[in-house]
Amino acid sequence: MTIPYFPGCTLSTQASGYDRSGRAVAAALEMPLEDLPEWQCCGATFPLATDNSMALVAPTRLLAEAERAGGHVTTLCAICFHVLRRTQVALAEKPEALERINWFTETPYEGGARVSHFLGLLRDEVGWEGVTARVTRPLAGLKVAPYYGCLLLRPEREIGLDDAETPTLLHDCLAALGAEAVSFPYEVECCGAYLSVSQPELPRQLSQEIVASARAHGAQALVTACPLCQYNLDSAQRPQNGEGVAANALPILYFTQLMAVALGLEEESWGLEGHVVDPRPLFEKIGDRLRSRLES
Amino acid sequence: MRTRISAAQVRGAFVEQVEAISGENLLACNQCGKCSAGCPVAFAMDMLPSQVLRLAQLGDETVLEADTIWTCAACQTCASRCPQGIELPRVMEALRLIQMERHGDHLGSDRLAPETAGGLPQLAVIGALRKFSQ
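What you see is a predicted model; the values in this text were computed from it and never measured.

Things to note about the overall build of chain B
Item 1. If you tally the helices and strands in chain B, you get nine helices and zero strands.
Item 2. Each helix (α) and strand (β) of chain B, taken in turn from the N terminus, gives the series α-α-α-α-α-α-α-α-α.
Item 3. Taking 14 Å as the expected radius of gyration for a compact globule of 134 residues, we find that chain B reaches 15 Å, a close match to that expectation.
Item 4. Reported as C-alpha extents along the three principal axes, the dimensions of chain B are approximately 50 × 30 × 30 Å.
Item 5. The buried share among the 134 residues of chain B stands at 41%.
Item 6. Taking the intrachain contacts of chain B between residues at least 6 apart in sequence as the baseline, contacts between residues at least 24 apart amount to 64%.

Points about unusual backbone geometry
Item 1. Note the cis peptide between R154(A) and P155(A), where omega equals -5°.
Item 2. Positioned with a positive phi, A74(B) is a non-glycine residue whose angle comes to about 55°.
Item 3. By the element assignment, A74(B) lies in the loop between α5 (68-71) and α6 (77-81).
Item 4. Overall, A74(B) belongs to the buried group, with 24 C-beta atoms counted inside 10 Å.

Re the pairing of strand β7 (residues 221-224) of chain A
All names here are of chain A.
Item 1. Of the two faces of β7, the one carrying A221 and V223 and the one carrying L222 and T224 are both buried.
Item 2. Note that strand β5 (residues 143-146) and β7 share three bridges and pair parallel. Residue pairing in the sheet places V144 in a bridge with A221 of β7.
Item 3. The pairing of β7 with strand β8 (residues 252-254) spans three bridges and is classified as parallel. For V223, the partnering residue across the bridge sits in β8 and is L253.
Item 4. As for the winding sense of the linkage, the β-α-β connection from β7 through helix α11 (residues 227-235) to β8 is right-handed.

What about the environment of P279(A)?
Residues and elements named next belong to chain A.
Item 1. Relative to the helices and strands, P279 resides in the loop between α12 (255-262) and α13 (280-295).
Item 2. Spatially, the C-alpha atoms of P279 and C190 are 23 Å apart, while their sequence positions differ by 89 residues.
Item 3. Those residues in contact with P279 that lie beyond four places of it in its chain are A221, P251, L253 and L272.

Re the pairing of strand β4 (residues 114-117) of chain A
Residue and element names in this part refer to chain A.
Item 1. Burial along β4 is one-sided: the face carrying V115 and H117 is buried and the face carrying R114 and S116 is not.
Item 2. Where strand β3 (residues 72-75) meets β4, four bridges bridge the pair, whose relative direction is parallel. Note that in β4 the partner of H72 across the bridge is R114.

Here's the deal with the nonpolar core
Item 1. One finds I79(A), V144(A), L222(A), V223(A) and L258(A) to be the most contacted residues of the largest nonpolar core, which totals 139 residues.
Item 2. Excluding residues that lie within four positions of it along the chain, I79(A) makes contacts with A44(A), L151(A), C226(A), L228(A) and L123(B).

Observations regarding the packing of helix α2 (residues 54-68) of chain A against helix α3 (residues 78-93) of chain A
Residue and element names in this part refer to chain A.
Item 1. Contact pair α2 / α3: the axes reach a minimum separation of 9 Å and the direction vectors enclose 95°. By the angle between their axes, α2 is roughly perpendicular relative to α3. Contacts from L56, P59, T60, L62 and L63 of α2 reach α3 at V83, L84, T87, Q88, A90 and L91.
Item 2. A class-by-class count of the residues in the contact of α2 with α3 yields eight nonpolar, three polar and no charged.

Structural notes on the sheet that holds β8(A)
Across a sheet, paired strands are connected by hydrogen bonds in the backbone, their directions being either parallel or antiparallel.
Residues and elements named next belong to chain A.
Item 1. The four strands lie next to each other as β6-β5-β7-β8, forming an open sheet whose pairing is parallel. Sheet topology places β6 (180-181) and β8 at the edges, where each strand pairs with a single neighbour.
Item 2. Taken strand by strand, helix α8 (residues 169-176) contacts β5, β6 and β7, and its axis lies near 160° from that of β5.

Comments concerning the domain arrangement of chain A
Residue and element names in this part refer to chain A.
Item 1. Partitioning chain A into structural domains gives domain 1 (3-118) and domain 2 (132-295).
Item 2. Summarising the inter-unit geometry, the C-alpha centres of domain 1 and domain 2 are found 25 Å apart.
Item 3. Every contact between the two is made by 24 residues of domain 1 and, on the other side, 25 residues of domain 2.
Item 4. Elements with a contribution of two residues or more to the side of domain 1 that touches domain 2: α1 (16-28) and α3.
Item 5. Here the side of domain 1 that touches domain 2 is composed, by residue class, of 13 nonpolar, eight polar and three charged.

Some points on the interface of chain B and chain A
Item 1. With 34 residues of chain B at the interface, the matching set in chain A holds 34 residues.
Item 2. At the level of secondary structure, the elements contributing two or more residues to the side of chain B that touches chain A comprise α2 (13-22), α5, α6, α7 (88-103) and α9 (122-132) of chain B.
Item 3. Of all the elements, α9(B) adds the most residues to the side of chain B that touches chain A, at 10 residues.
Item 4. Grouping the constituent residues of the side of chain B that touches chain A by class yields 22 nonpolar, eight polar and four charged.

Topic: helix α4 (residues 49-57) of chain B
All names here are of chain B.
Item 1. Within α4 the residues assigned to the buried category are P49, S50, V52, L53, A56 and Q57. Down the axis of α4, the smallest arc covering the buried residues is 155°, so these residues share one side.
Item 2. Looking one or two places after α4, you find G59, whose phi comes out positive at around 75°.

Thresholds applied
Residues numbered from 1 in each chain as written. Chains lettered and ligands numbered in written order. Predicted model: local features only at pLDDT ≥ 70, side-chain atom pairs only at ≥ 80, totals over all residues. Helix = DSSP H or I, 4+ residues; strand = E, 2+ residues; numbered from the N terminus. Rg over C-alpha atoms; globule rule 2.2 N^0.38 Å. Buried ≥ 20, exposed ≤ 12 C-beta atoms within 10 Å, placed from the backbone. Contact = placed C-beta atoms within 7 Å. Pairing = 2+ DSSP bridges. Right-handed = clockwise from strand over helix to strand, strands pointing away. Core = buried A, V, L, I, M, F, W, Y, C linked by C-beta atoms within 7 Å. Axes fitted to C-alpha atoms, helices over the stretch in contact; angles between N-to-C directions. Parallel < 35°, antiparallel > 145°, perpendicular 65-115°, else oblique. Nonpolar A, V, L, I, M, F, W, Y, C, P; charged D, E, K, R; others polar. Domains from an automatic or database assignment. Arc of directions from axis to C-beta.

Below, the structure written as structure tokens:
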């Protein structure tokens, strides 16, 4: 059974590792992702002005595409998920805005799409036991800090994926893979997001604090579900003088990458290209530990 | 800093405009400070989020000159914690839009050098341009 999937612009290019590992994991769980036949960028922001219908056109067209594909669409990118979910809520609360947009786009959206995030599907449709049952390479001994960021969860009333102050989705995912989820105080703290464009020193500082907190709590890596969080947390660990990353730098992984490893998928599908802090030494450690357990 | 308070300002055109664009009732804020306490970038702002809302409540248009509205990351932490249910990110957006209407874009694509913008995820570039320009 295929699941209609909206990859979004960033996962199709710079965050291709997230997309590739996500597709491989979905296929391994017998729910392969199938791209919507037509899609475009969701807009990357949800318009906060009450009268900005124009900024809702792109996400509404995506919802209309989802309807034509059967009604359900899933996402990996936290931003795409946020924009689509909030657009759904906005259109439901303001039928006159939907009417205006439908008149404009000529591809009407009837209000019946269902938007999910892949983590929600894992929890609600596969079940964490279902995930564990397919783990062939348990990540035993791996301590990973779950980092949720902002837009995957907030505002909780509209997004409705998990508790916005004390979420458990990524914690449960890590546990299902046999890893140890390291709770830490910056789990839902903002990385600075698009301020990387206008005031890059701010996301750099915020991200360094988040990573330092995870490290202080014993984490060997962080996981995230957002390509901008991944970029901010990863690149904040690149020293400004151009030298290599510090010895205690923490790899910033997408949850799908850890899942690909734990499900025993081939290395090509882990999508490890493009990381500033190379995750490979960490995975070699897992491999060694697994080998030594098998040999003992 | 000298602030003039008058009923005419509180019930004036500026407040009406901010409330119309944001959809929020500015007078619902009782200045509890939870927004400022939870804001991840408050340390870098010239004015705290709760102070921005206070000036907006009073109809003081100098609030449009605060750096705060451009340092806001729209992380929604304030909105998720406000006991009065005010969506402060919407107020921040209204102030940005009014300021850009009067004075032009805050961030232009001409200011994005390939060396800096080239490595950024697209969604960051699109997001920043959509928040900080019209």
